[in-house]
Amino acid sequence: MSDEVYSQLMKELSEGKYVFTGELEPEKAGDVEEPIKAARELVGLVTACNVTDNPQSFAYVSSLAAAYKIQLETGMECIYQLRCADRNRSALLSDILGAGVLGLKNILALTGDHVALGDTPDAKPVYDLDSTTLIALIRRVVDEGKDLAGNEIHNPPKLHVGAAAAPGAAVLKAEIAKVKRKIKVGAEFIQTQVVYKTEVLDRFFKELGKVDVPILVGIFPAKTYAQADFFDKYVAGVDVPPDYLQHMKETKAIKDKEKRKEEVDRVNIEFFTEFLEHLKDTPAAGCHIMAVGYPRIIPALKKVME
Amino acid sequence: MIAQEQKPIEEILGYLEGKQKVVVMGCGGCATFYHTGDKKAVRDMGERLRKEGKEVTEIVLPLGISACEIDMSSKFLEKKRKAVENADALLMMSCGDGAQVIADYIEKRIGATVAVVPANDALGLVGGGPKKFKETCQMCGQCELGKTVGICPLTACGKGLMNGPCGGVREDGKCEVDPEKDCAWVKIYERMEKLGELDKFTEMRDPHAWSRAKRPRLFEIEEPVKPVSAILGSLPSYLTLFTGPKYEEEE
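As the structure is a prediction and not an experimental result, all values here were calculated from the model. (Residues numbered from 1 in each chain as written. Chains lettered and ligands numbered in written order. Predicted model: local features only at pLDDT ≥ 70, side-chain atom pairs only at ≥ 80, totals over all residues. Heavy atoms only, no water.)

Structural notes on the overall build of chain A
Using the following cut-off: Only DSSP runs of H or I reaching four residues or more are called helices, and only runs of E reaching two or more are called strands; each is numbered from the N terminus. Our radius of gyration looks at C-alpha atoms and nothing else; its globule reference is 2.2 Å times the residue count to the power 0.38. Relative accessible area decides the class of each residue, using a 1.4 Å probe on protein chains only: under 20% of the type maximum gives buried, over 50% gives exposed, and in between gives partly exposed. Contacts were defined at the residue level, with two residues in contact if any of their heavy atoms lie within 4.5 Å. To be clear on the numbers: accessible area is Shrake-Rupley with a 1.4 Å probe, and residue cover counts the displayed protein chains and nothing else. Charged residues are defined here as Lys and Arg on the positive side and Asp and Glu on the negative side; His and the ends of the chain fall outside this count. By convention, the charge on Lys lies at NZ, on Arg at CZ, on Asp at CG and on Glu at CD.
A count of helical and extended segments in chain A gives 11 helices and 8 strands. Relative to a compact globule of 306 residues, whose C-alpha radius of gyration would be 19 Å, chain A shows 19 Å and is just as compact. Residues counted as buried form 56% of the 306 residues belonging to chain A. Sequence separation of at least 24 residues holds for 77% of the intrachain contacts in chain A that already meet a minimum separation of 6. Entry remark: accessible area of chain A is about 13,200 Å², with carbon and sulfur atoms responsible for 50%. Positive and negative side-chain charges of chain A, numbering 39 and 46 respectively, have mean locations separated by a distance of 1 Å.

As for the sheet that holds strand β6 (residues 120-128) of chain B
All names here are of chain B. Definition in use: Paired strands, in this sense, are two strands between which DSSP finds at least two bridges. Every axis in this analysis is a line fitted to C-alpha atoms, fitted for helices over the stretch in contact. Angles between the N-to-C directions lie between 0 and 180 degrees.
The strand order across the open sheet formed by 3 strands is β1-β6-β7, and the pairing between neighbours is antiparallel. Edge positions in the sheet fall to β1 (2-6) and β7 (133-135), since each has one partner strand and no second. Adjacent strand axes in the sheet meet at a mean angle of 60 degrees, parallel and antiparallel pairs treated alike. Note that β1 and β6 share 5 bridges and pair antiparallel. Bridge pairing in β6 links A3 to G124.

Some remarks on the side chain of E144 of chain B
Residue and element names in this part refer to chain B. Rules: A 3.5 Å cut-off defines polar contacts: any pair of N or O atoms within that distance qualifies, except that in protein one atom must be a possible hydrogen donor and the other a possible acceptor, and neighbouring residues in sequence count only when both atoms are side-chain atoms.
Looking at where E144 falls in the secondary structure, it is placed in the loop between β7 and α7 (153-156). In this structure the side chain of E144 is engaged in a polar contact, spanning 2.6 Å, whose partner is the side chain of H208. Once residues within four sequence positions are removed from consideration, E144 is found in contact with L154, M162, H208 and A209.

So, a nonpolar patch on the surface
Residue and element names in this part refer to chain B. As a reminder, the rule being used: Exposure above 30% relative accessible area and the lack of any salt bridge qualify a residue for a patch; like charges then connect within 9 Å, and the nonpolar side chains Val, Leu, Ile, Met, Phe, Trp and Tyr within 5 Å. For this analysis, a salt bridge means a side-chain nitrogen from Lys or Arg found within 4 Å of a carboxyl oxygen belonging to Asp or Glu.
Together, V228, L232, L235, Y238, L239, L241 and F242 make up an exposed nonpolar region whose accessible area comes to about 820 Å². Put simply, the parts of the chain that give the nonpolar patch at least two residues each are α10 (227-234) and α11 (239-243). Per-element tally for the nonpolar patch: the top contributor is α11, with 3 residues. L235 sits in the partly exposed class, given a relative accessible area of 46%.

Let's talk about the pairing of strand β2 (residues 48-51) of chain A
Residue and element names in this part refer to chain A. Stated precisely, the cut-off is as follows: Orient the strands so they point away from the viewer; a crossover is then right-handed if the path from the first strand over the helix to the second runs clockwise.
Every second residue of β2 is oriented toward a common face, with A48 and N50 on one face and C49 and V51 on the other, all of them buried. One ladder, built from 4 bridges, connects strand β1 (residues 19-24) with β2; its direction is parallel. Bridge pairing in β2 links T21 to A48. Crossover β1 to β2 through helix α2 (residues 33-42) is right-handed.

Regarding the domain arrangement of chain B
As a reminder of what qualifies: All domain edges in this entry derive from an automatic or database-based domain assignment.
When its domains are assigned, chain B resolves into domain 1 (2-125) and domain 2 (136-213). The straight-line distance from the C-alpha centre of domain 1 of chain B to that of domain 2 of chain B is 37 Å.

Some details on the sheet that holds strand β8 (residues 286-289) of chain A
Residues and elements named next belong to chain A. On the basis of which strands lie adjacent, the closed barrel formed by 8 strands has the order β1-β2-β3-β4-β5-β6-β7-β8 and parallel pairing. Ignoring which end each strand starts from, the neighbouring axes of this sheet average 30 degrees apart. Inspection of the sheet shows strand β5 (residues 160-165) paired to strand β6 (residues 189-194) by 4 bridges, in the parallel sense. Bridge pairing in β6 places G162 opposite F189. Packing against the sheet, α2 makes contact with β1 and β2, and its axis sits at approximately 160 degrees to β1. The sheet strands contacting helix α7 (residues 198-208) are β5, β6 and β7 (215-219), and the helix crosses β7 at an angle near 160 degrees.

Structural notes on the side chain of D128 of chain A
Relative to the helices and strands, D128 of chain A resides in the loop between β4 (106-110) and α5 (131-144). At 2.7 Å, the side chain of D128 of chain A forms a polar contact with the side chain of R89 of chain A. Beyond its immediate sequence surroundings of up to four residues, D128 of chain A is in contact with C84, N88 and R89 of chain A together with P207 and W210 of chain B.

What about α7 of chain A?
All names here are of chain A. Rules: An arc is given here, and it is the one of the directions from the helix axis to the C-beta atoms.
Among the residues of α7, V200, L201, F204, F205 and L208 are the ones counted as buried. The arc that holds every buried residue of α7, seen down its axis, measures 125 degrees, which confines them to one face. Looking at the buried residues of α7, the elements they touch are β5, α6 (172-184), β6, β7 and α10 (257-279).

A short note on the interface of chain A and chain B
The cut-off we apply is this: Buried area: the sum, over both parts, of the accessible surface (1.4 Å probe) that disappears when the two are put together.
With 25 residues of chain A at the contact, the number on the chain B side is 30 residues. Summed over both partners, the interface of chain A with chain B buries about 2,200 Å², with 60% contributed by carbon and sulfur atoms. Applying the counting criterion to the chain A and chain B interface returns 2 salt bridges. One salt bridge in this structure joins K173 of chain A and E193 of chain B, with 3.1 Å as the shortest N-O distance.

Remarks on the packing of aromatic side chains
What describes a pair of aromatic rings is the distance from one ring centre to the other and the angle between the planes of the rings. Residues and elements named next belong to chain A. Heads up, the condition is: For Phe, Tyr and Trp, rings pair up if their centres lie within 6.5 Å, where Trp contributes its six-membered ring, and each pair is then called stacked (planes under 30 degrees apart), edge-to-face (over 60) or tilted (otherwise).
Enumeration according to the criterion identifies 17 aromatic pairs over all chains in this entry. Centroid distance Y196 to Y244: 5.5 Å. Interplanar angle 35 degrees. Geometry classified as tilted. One end of the pair, Y196, is in the loop between β6 and α7; the other, Y244, is in helix α9 (residues 242-251), and 48 residues separate them in sequence. For the pair formed by Y196 and Y244, the shared burial category is buried.

Brief notes about unusual backbone geometry
Cis geometry marks the peptide bond from G129 of chain B to P130 of chain B; its omega dihedral reads 5 degrees. In this structure, P130 of chain B sits in the loop between β6 and β7. Note that the residue after G164 of chain B, namely P165 of chain B, is joined by a cis bond; omega there is 0 degrees. Locating P165 of chain B in the fold gives a position in the loop between α7 and α8 (184-195). Even without glycine at this site, Q56 of chain A takes up a positive phi of about 55 degrees. Position of Q56 of chain A relative to the elements: it lies in the loop between β2 and α3 (63-74).

Some thoughts on the nonpolar core
Condition: Throughout, nonpolar core names a set of buried Ala, Val, Leu, Ile, Met, Phe, Trp, Tyr and Cys residues whose side chains join them through atoms within 4.5 Å.
Y196 and Y244 of chain A are the most contacted members of the largest nonpolar core, which totals 111 residues. With residues up to four places along the chain from it excluded, the contact list for Y196 of chain A reads F220, F231, V238, D239, V240, P241, Y244, F271, F272 and F275 of chain A. If you look at the next biggest cluster of nonpolar residues, it comprises 21 residues, including C27, A31, M72 and V84 of chain B.

Topic: the pattern of salt bridges
Residues and elements named next belong to chain A. All told, the structure shown has 36 salt bridges over all chains when counted by the stated rule. A salt bridge links D119 to K28, with the shortest nitrogen-to-oxygen separation between them at 2.8 Å. With D119 in the loop between β4 and α5 and K28 in the loop between β1 and α2, the pair connects residues that are 91 residues apart, well separated along the chain. The exposure class of D119 is partly exposed, given its relative accessible area of 31%. Among the ionic contacts, a cluster of salt bridges with common partners joins D53, R87 and D95.

Okay, here's the thing in structure tokens:
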């Protein structure tokens, strides 16, 4: 793996700067106006934004097309999410090369939720590669100018590849071994699944031990109680503390919209100030703020880390 | 064995709409074990179709005679050759393999073209029993068990990952797709741990080579088995069935 840096994200991470990343979600639509609007609101607040690829296996605008348009129109650097669920290794390679052509610089390599859990459950699940072998493919393309079959690639793209990690994984030792495997094959940065509990984070870092790649911890300040509740109930490996959940629930009773917004912000700032203070004592290189459409909360979070 | 279940009768009747003369054929292999093509299933189906006003001929294959083994099953088909030649449809109470092998024989050797209709849905190659069965092999053509301590991740993992587990493992080590099923990669991890081979876990396994599964796969052997002599020659060994310990299935 070369030490060359192609993206702002990797530049800041390699300089040891504390990095914030955000998240943008293309929709089931014929345009990307919403994520572009959201990206504009995040410019200056985060270094780069993930552009999700069919999250929870709901089929939306291609993350490749969306990331390209967002980067072009807003200047926000994108972390192009790429899942193995929907594409075989040929299609993945095509999209990796396409990403290079379109000026994208970062890919987050994901296995992807099973298609049976999404909005098109009769679709044929692919999973020809998994997150590990996708990382290996990207590295092979970038570093050696070859695909997995050994075919030469003319003028290979210059891309960075990241991996996901699940600190709250039910079987943590297997997850840790998998994260190490992904680092071994060439992941250059890690973004974690959402974490709410500091003890979950501490256990993860302790079990992982020292690694050479920067880790951005995923957080999700919920804009509504429903969002927090969804994470608690339906997202594997994410536990939301009952106190936070309760405080968010109480905001529902506030009739006045503006006052409710203020109270939601207050609950989040209080909770995440404590969380981020704790984060300072961990090896985390930054924070991946996954809350979509909640940019107003970010300045307060960044202030904690200053 | 090929697990299977009978299709809803409405679907079967739909395929048989407008077909008056129907041959119902069973299978003495897997379909007999799953009661989807044994003697009783064939008789019941015959009766049901007669109630619909159809003229039915039944062909039952005894246990051990699979529809897909054409050298044996064709003998039973030939016994009802007239009915087959005149049939509007043949309802096949086997897996899709049996159905297509029989259809092929009818077309090429009997010289009749009969609509062959499936009565069953095949649900995979499974093992276990006598009541509960599990799919563990998908006959991919390039066995990976040597890399995964004897658990096939292509089949046992809901996503067929060569490098799991995915991020969807549930609290109790069950699968993201189905809470009834174990996460194959947690099982692989645990077995590697017991064997002291966890270093294998952190090694990347290459993506599976699907080139061995180019469909349809054709296969040939030089010396076909002689069924009758094979059965007779094995008879003494069957004694083990009566002398071996009783198998108690786990709940």
